Amino acid sequence: MQERAAVVIVAAGSSRRMAGRDKLWTPLAGRLTLARTVDAFEGCPLIEAIVLVVHPAREADACELLAEEGWRKVIAVVPGGPRRQDSVRLGLEALARRLPGISWVLVHDGARPFVSSTLIEAGLQAARRHQAAVAAVPVKDTLKVVEGDSVCETPERAHLWLVQTPQVFAFSVLWEAHHARSAQEDLDEACDDAALVERLGYRVTVFPGSYSNMKITTQEDFLLAEYLAQQETWPR
């Protein structure tokens, strides 16, 4: 029997770099960015359930959107916490209550609307081999480590990857990582879920992401995403 998989979509941010524009609730080529992201998992046969974590001020909007869209896989809408890892933890707890016995969980940014079923499948395959896997693409540009206004190091580009979501984990592993004392007591925000898993000594593997699987963070990103969304032949 196929082991069950679910996704926690993290959409609880405040869009600070969008000059007051909420990227998740802005139409992207005629459809809300958040709706496009949920669509990708709703339409993927490998995903059994979706937990949507939103900014507390958007909880009512999200419930209204769910009613309008009729998504069958969304089993919970959860208000997020002060940090990203708090939001993911709340999503995991909602998932555990509503779907006990889940084997695999994906965590995905609500602001990455171009995720594909192919990418989701690749992540699940990698996680089933290694328990923890993250989508990533090789860095194209040369990177510099800078202190003040001076370059102090040029890392070898061959070893640098840009990490994306989905990030895919055995549910028990991610639950342990988010409920560990270090995750609860550390006041700083973790870079991503993989960082919390790494702290516990688990090996995290990389699977090929996609340069089209962009995260909308700035107004410039949104302009590019608008263009891509309008290209019907854009590879997914």
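Criteria and cut-off values
- Residues numbered from 1 in each chain as written.
- Predicted model: local features only at pLDDT ≥ 70, side-chain atom pairs only at ≥ 80, totals over all residues.
- Heavy atoms only, no water.
- Helix = DSSP H or I, 4+ residues; strand = E, 2+ residues; numbered from the N terminus.
- Buried < 20%, exposed > 50% of the residue type's maximum accessible area, 1.4 Å probe, protein only.
- Areas by Shrake-Rupley, 256 points an atom, 1.4 Å probe, with all protein chains shown as cover.
- Lys, Arg positive; Asp, Glu negative; His and termini not counted.
- Charge placed at Lys NZ, Arg CZ, Asp CG, Glu CD.
- Axes fitted to C-alpha atoms, helices over the stretch in contact; angles between N-to-C directions.
- Parallel < 35°, antiparallel > 145°, perpendicular 65-115°, else oblique.
- Left-handed = near helix turned anticlockwise from the far one by under 90°.
- Contact = heavy atoms within 4.5 Å.
- Nonpolar A, V, L, I, M, F, W, Y, C, P; charged D, E, K, R; others polar.
- Core = buried A, V, L, I, M, F, W, Y, C linked by side-chain atoms within 4.5 Å.
- Pairing = 2+ DSSP bridges.
- Phe/Tyr/Trp six-rings, centres within 6.5 Å; stacked < 30°, edge-to-face > 60°.
- Lys NZ or Arg CZ within 6 Å of the ring centre and 35° of its normal.
- Salt bridge = Lys/Arg side-chain N within 4 Å of Asp/Glu carboxyl O.

**Notes on the overall build of the chain**
For step 1, the next point in the chain: Of regular secondary structure, the chain possesses 8 helices and 11 strands.
For step 2, the next point in the chain: The principal-axis extent of the C-alpha atoms belonging to the chain is close to 55 × 40 × 35 Å.
For step 3, the next point in the chain: Counting across all 236 residues of the chain, residues that qualify as buried make up 48%.
For step 4, the next point in the chain: Surface accessibility of the chain: about 11900 Å² in total, with carbon and sulfur atoms responsible for 50%.
For step 5, the next point in the chain: Here the chain holds 26 positive side-chain charges and 31 negative ones, and the gap between their average locations is 3 Å.

**Observations concerning the packing of helix α3 (residues 84-98) against helix α5 (residues 171-179)**
For step 1, the next point in the chain: The interhelical angle for the contact between α3 and α5, taken along N-to-C directions, is 135 degrees, at an axis separation of 10 Å. If you check the angle between α3 and α5, you find them oblique. The two elements α3 and α5 meet at a crossing, and its hand is left-handed. For the pair α3 and α5, the contacting residues are Q85, V88, R89, L92, E93, L95 and A96 in the first and F171, L174, W175, H178 and H179 in the second.
For step 2, the next point in the chain: Here the residues of the contact of α3 with α5 sort into 7 nonpolar, 3 polar and 2 charged.

**Digging into the side chain of T37**
For step 1, the next point in the chain: Examined against the element boundaries, T37 turns out to sit in helix α1 (residues 33-42).
For step 2, the next point in the chain: Once you skip the residues sitting within four places of it in the chain, T37 turns out to touch I9, H108, D109, G110, R112 and P113.

**Looking at the nonpolar core**
Where a protein is soluble and globular, its nonpolar side chains tend to be buried together.
For step 1, the next point in the chain: Counting residues in each nonpolar core, the largest one holds 71 residues, and the members touching the most others are F41, I47 and L106.
For step 2, the next point in the chain: Per element, the largest residue contribution to this core is 7 residues, and it comes from strand β1 (residues 5-11).

**Observations concerning the environment of H178**
For step 1, the next point in the chain: Considering the arrangement of structural elements, one finds H178 in helix α5.
For step 2, the next point in the chain: Between the C-alpha atoms of H178 and D193, which are 15 residues apart in sequence, the distance is 8.2 Å.

**What to know about the environment of V74**
For step 1, the next point in the chain: Tracing the backbone through its elements, the reader meets V74 in strand β5 (residues 74-79).
For step 2, the next point in the chain: What V74 contacts, discounting residues up to four positions off in sequence, is V38, E42, I50 and L66.

**Side note on the pairing of strand β9 (residues 150-153)**
For step 1, the next point in the chain: Sheet topology places strand β8 (residues 145-147) next to β9; 3 bridges connect them, and they run antiparallel. Residue pairing in the sheet places E147 in a bridge with S150 of β9.
For step 2, the next point in the chain: Where β8 folds back on β9, the antiparallel hairpin that results is connected by 2 residues, among which G148 adopts a positive phi of roughly 65 degrees.

**Details of the packing of aromatic side chains**
For step 1, the next point in the chain: Applying the stated criterion across every chain, the model contains 1 aromatic pair.
For step 2, the next point in the chain: Here the guanidinium or amino end of K140 rests over the ring plane of Y211, the centre of that ring lying 4.0 Å away.

**Some points on the pattern of salt bridges**
For step 1, the next point in the chain: As enumerated under the stated definition, the model contains 11 salt bridges in all.
For step 2, the next point in the chain: With a closest N to O distance of 2.8 Å, R31 and E69 form a salt bridge. Taken together, the positions of R31 in strand β3 (residues 31-32) and E69 in helix α2 (residues 59-69) put the pair 38 residues apart, joining distant regions of the chain.
For step 3, the next point in the chain: A relative accessible area of 26% means that R31 is categorised as partly exposed.
For step 4, the next point in the chain: Residue classification places E69 among the partly exposed residues on the basis of a relative accessible area of 29%.
For step 5, the next point in the chain: A salt bridge links D86 to R83; its shortest N-O distance comes to 2.9 Å.
For step 6, the next point in the chain: Among the charged side chains, a salt-bridge network with shared partners connects R83, D86, R89 and E93.

**Thoughts on the sheet that holds strand β6 (residues 104-109)**
For step 1, the next point in the chain: Taken together, the 7 strands give an open sheet; going across it, the order is β5-β4-β1-β6-β10-β7-β11, and neighbouring strands pair in mixed fashion. The open sheet terminates on both sides in strands that have one partner only, identified here as β5 and β11 (205-208). Taken pair by pair, the neighbouring strands of this sheet meet at an average axis angle of 25 degrees, ignoring direction.
For step 2, the next point in the chain: Across 6 bridges, β1 lies against strand β4 (residues 49-54) in parallel orientation. What sits directly across from I9, in β4, is L52.
For step 3, the next point in the chain: Where α1 meets the sheet, it contacts β1, β4, β5 and β6, and its direction lies at approximately 175 degrees from that of β1.

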